[in-house]
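If you want the building blocks of each chain, they are given just below.
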Amino acid sequence: MVETTTLWLGLFSVTYLALAFFWARQAAIANADTITFFSAGHSLAPWMSGLVTAGVCVSVWFLLGTADAISSRGFSAIDGLQAGVLLAIPGVLFFKRAWFLAERYRVSSQFELFRLYYKSEFLVVGTAAIALLFAVAFTGMQLRVISEVASFMTGGLVSPLLCGALLTIIVFSYVVIGGMRAVGYLGMLQTAALVSATLTLCGLILVAADGPTELMAALKLASAEREVDLFSVAGVVQFVAGFGRGDFYGHPGTAALVFGSSIAVLGVSCSPIVFKLILSTRSAMGIAAGQTWVLAGFFGALIMIAGGLFGSASIVHGGSLLSWLKALMSEVSPWFGAWVLFGLIAGMQVFSALALLVAAEGLVRHIYKPFFNSRLSRSSTVNITRIVIVVLAVISLLMAFLTPVALSVLGAFALPASAQLLGPLIGLFWFRWITPAAALTGFGFGLIAVFLTDAAGIYVLSYLGLELPWGRYPWTLHSAAW
């Protein structure tokens with residue numbers, strides 16, 4: 001069984017690798033030179049941009065992260081389910097206006113929009129730091145989970161580290177070769193593969209549980225065996241010191257925590273990662289449909305259904321989400337399990353590829369070049385960016401397996417930090433009376449609030465000898481809400 005599964009995984013790996021390098025080569029030919037490396041010459045089709053944007057916003061982190069929250073906290077953790085629809089709100093508010101503004105001034109990134117309007121290097125550097133967190137920490141979190149499942153399916157024949165290294169090499173190779181075009185071309189296939197794997201897993205769960213009615217009965221039984229009610233919200237708010245600083249009344253799943261967590265999820269759509277796709281599109285005609293029917297409609301429903309099913313199955317299984325996923329994959333036929341695994345891998349790489357490109361561009365093109373080497377040619381800028389992409393991918397891989405706790409802390413910090421871009425974006429596209437000073441002050445204080453109420457800041461300050469009187473999420477308010 002293990003040998004057959006390994007054989008199928010090898011076959012799918014070769015096929016996936018061939019597709020990746022084929023489209024990377026096609027992208028390199030279409031680029032012709034280094035001019036269109038960063039934004040594909042603003043030529044991505046609107047339907048392609050809409051599909052890949054949805055894939056990047058959802059990716060595998062959303063599905064598995066939502067399921068893991070439900071598995072550990074029950075259905076009071078519905079923030080991930082409702083955020084599947086809320087993800088489209090920043091797109092509805094900002095994307096079309098951003099596209100027209102970028103076309104007017106011929107810019108291709110959120111960094112340039114902020115520099116153009118606010119004339120603030122602090123905001124540019126802060127945005128680049130957020131992109132870096134997504135590229136290294138957020139990508140590494142997904143990489144570790146997928147690598148462990150892949151290693152398990154080979155019976156330990158291939159170690160998780162080797163699986164992660166192979167996946168890392170694939171993703172940075174096609175990004176380095178084809179740039180933004182390769183990300184767009186392969187992103188379509190990766191998003192389709194993610195949807196296919198998600199629907200397949202939903203079907204497997206229902207078949208294994210003998211239908212939704214039996215699954216609900218098993219879920220009710222599992223809930224009765226726990227001391228905490230998995231279906232109740234623990235009030236509006238609890239005025240406690242937070243996680244790690246005292247006990248909650250029943251459990252921490254309050255309405256305030258759900259609301260704050262939903263705000264944090266909006267950070268994905270506000271990030272420079274997603275804006276890069278929008279500003280690389282040749283037309284604004286498909287943006288409205290992409291945000292309403294594709295992201296909020298189809299993918300929002302997919303998250304609510306699949307996330308709920310994954311979390312329910314994990315609760316019934318009685319272990320962690322990862323152990324449930326491994327158990328489920330071991331019960332299906334080898335080729336079927338290999339196909340589902342590669343759908344999850346594609347869902348991880350659709351996000352990581354774009355995040356690596358945007359973070360490297362921000363560091364090289366918008367920080368290093370204007371601050372340290374303004375005479376850097378376009379060709380040299382692209383070549384240095386390629387090197388930085390490889391370096392960031394390797395750092396993400398090493399952190400995923402050497403410092404997983406630090407990686408998880410930084411990955412969790414990325415979302416609420418990115419959500420603080422809501423203020424500058426509102427000032428840029430809607431309320432012109434919000435002055436640059438006001439927007440920058442709000443962004444700065446927002447980052448400070450996130451730092452002081454999230455695990456990253458608490459751990460850093462504790463290491464420096466400063467113990468805060470509160471823990472993570474005091475008063476059951478998520479750091480994004482603070």
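Residues numbered from 1 in each chain as written. Predicted model: local features only at pLDDT ≥ 70, side-chain atom pairs only at ≥ 80, totals over all residues. Heavy atoms only, no water.

### Concerning the overall build of the protein chain
Next up, step 1: When helices and strands are counted, the protein chain shows 19 helices and zero strands.
Next up, step 2: Rg of the C-alpha trace for the protein chain: 22 Å, near the compact-globule value of 23 Å for 482 residues, within the 12% margin.
Next up, step 3: In terms of its C-alpha atoms, the protein chain occupies a principal-axis envelope of roughly 65 × 55 × 45 Å.
Next up, step 4: Out of the 482 residues in the protein chain, the part that is buried amounts to 58%.
Next up, step 5: Long-range contacts, defined here as pairs at least 24 residues apart, represent 82% of the contacts in the protein chain between residues at least 6 apart.
Next up, step 6: Here the protein chain has roughly 19100 Å² of accessible surface; of this, 71% comes from carbon and sulfur atoms. (Helix = DSSP H or I, 4+ residues; strand = E, 2+ residues; numbered from the N terminus. Rg over C-alpha atoms; globule rule 2.2 N^0.38 Å. Buried < 20%, exposed > 50% of the residue type's maximum accessible area, 1.4 Å probe, protein only. Contact = heavy atoms within 4.5 Å. Areas by Shrake-Rupley, 256 points an atom, 1.4 Å probe, with all protein chains shown as cover.)

### Quick notes on the nonpolar core
The nonpolar side chains of a soluble globular protein tend to be buried with one another.
Next up, step 1: Among the nonpolar cores identified, the biggest contains 150 residues, and Val 56, Tyr 174, Phe 310 and Leu 341 are the most heavily contacted of them.
Next up, step 2: Looking at this core element by element, the count peaks at 22 residues for helix α7 (residues 160–208).
Next up, step 3: In terms of nonpolar packing, the next biggest core, distinct from the first, is built from six residues, Ile 70, Leu 81, Leu 219 and Ile 315 among them. (Core = buried A, V, L, I, M, F, W, Y, C linked by side-chain atoms within 4.5 Å.)

### Let's talk about the pattern of salt bridges
Pairing between side chains becomes possible if they bear opposite charge and their charged atoms approach one another.
Next up, step 1: Within the structure shown, the criterion is met by six salt bridges.
Next up, step 2: The partner of Arg 106 in a salt bridge is Glu 103, with the nearest N and O atoms 3.2 Å apart.
Next up, step 3: The exposure class of Arg 106 is exposed, given its relative accessible area of 54%.
Next up, step 4: Classification of Glu 103 by relative accessible area gives partly exposed; the value is 27%.
Next up, step 5: One salt bridge connects Arg 144 with Glu 148, and the closest N-O pair in it is separated by 3.3 Å. Remark: Glu 148 and Arg 144 occur in helix α6 (residues 121–153); sequence separation between them is four residues, near one turn of the helix.
Next up, step 6: The exposure class assigned to Arg 144 is partly exposed, which follows from its relative accessible area of 25%. (Salt bridge = Lys/Arg side-chain N within 4 Å of Asp/Glu carboxyl O.)

### Some details on helix α12 (residues 287–317)
Next up, step 1: The largest bend along α12 measures about 30° and falls at Gly 300.
Next up, step 2: Within two residues after α12, Gly 318 carries a phi angle of roughly 90°, on the positive side. (Bend = angle between axes of the 7 residues up to and from the residue.)

### Structural notes on the packing of α6 against helix α18 (residues 436–453)
Next up, step 1: Contact geometry of α6 with α18 gives a least axis separation of 11 Å together with a crossing angle of 35°. In the packing of α6 onto α18, the handedness of the crossing is left-handed. Here Phe 122, Leu 123, Gly 126 and Ile 130 of α6 lie close against α18, whose contacting residues are Leu 440, Phe 443 and Gly 444.
Next up, step 2: Looking at the contact of α6 with α18 residue by residue, the class counts come to five nonpolar, two polar and no charged. (Axes fitted to C-alpha atoms, helices over the stretch in contact; angles between N-to-C directions. Left-handed = near helix turned anticlockwise from the far one by under 90°. Nonpolar A, V, L, I, M, F, W, Y, C, P; charged D, E, K, R; others polar.)

### A short note on the layout of surface pockets
Next up, step 1: Of the voids in this model, the largest pocket is the one considered here, and its volume is about 1600 Å³.
Next up, step 2: Surrounding the largest pocket, 48 residues form its lining, Gly 65, Asp 68, Met 141, Ser 408 and Ala 412 being those nearest its centre.
Next up, step 3: Residue assignment for the lining of the largest pocket shows that the elements contributing at least two residues are α2 (46–73), α3 (79–86), α6, α9 (255–265), α13 (321–331), α16 (404–419) and α19 (455–463).
Next up, step 4: Top element by residues in the lining of the largest pocket is α2. It accounts for 10 residues.
Next up, step 5: Of the residues belonging to the lining of the largest pocket, the class tally is 26 nonpolar, 13 polar and nine charged.
Next up, step 6: By volume, the second largest pocket is sized at about 320 Å³.
Next up, step 7: What lines the second largest pocket is a set of 17 residues, and nearest its centre among them are Leu 9, Ser 13, Cys 163, Leu 166 and Phe 342.
Next up, step 8: Broken down by secondary-structure element, the contributors of at least two residues to the lining of the second largest pocket are α1 (2–31), α7 and α14 (334–372).
Next up, step 9: No other element matches α1, which puts seven residues into the lining of the second largest pocket.
Next up, step 10: Here the residues of the lining of the second largest pocket sort into 13 nonpolar, four polar and no charged. (1 Å grid on protein atoms, 1.4 Å probe; cavity = no way out; pocket = protein on both sides within 12 Å on 5 of 7 lines; lining within 4 Å. Points joined across faces, edges and corners; volume = space filled by probe spheres on them.)

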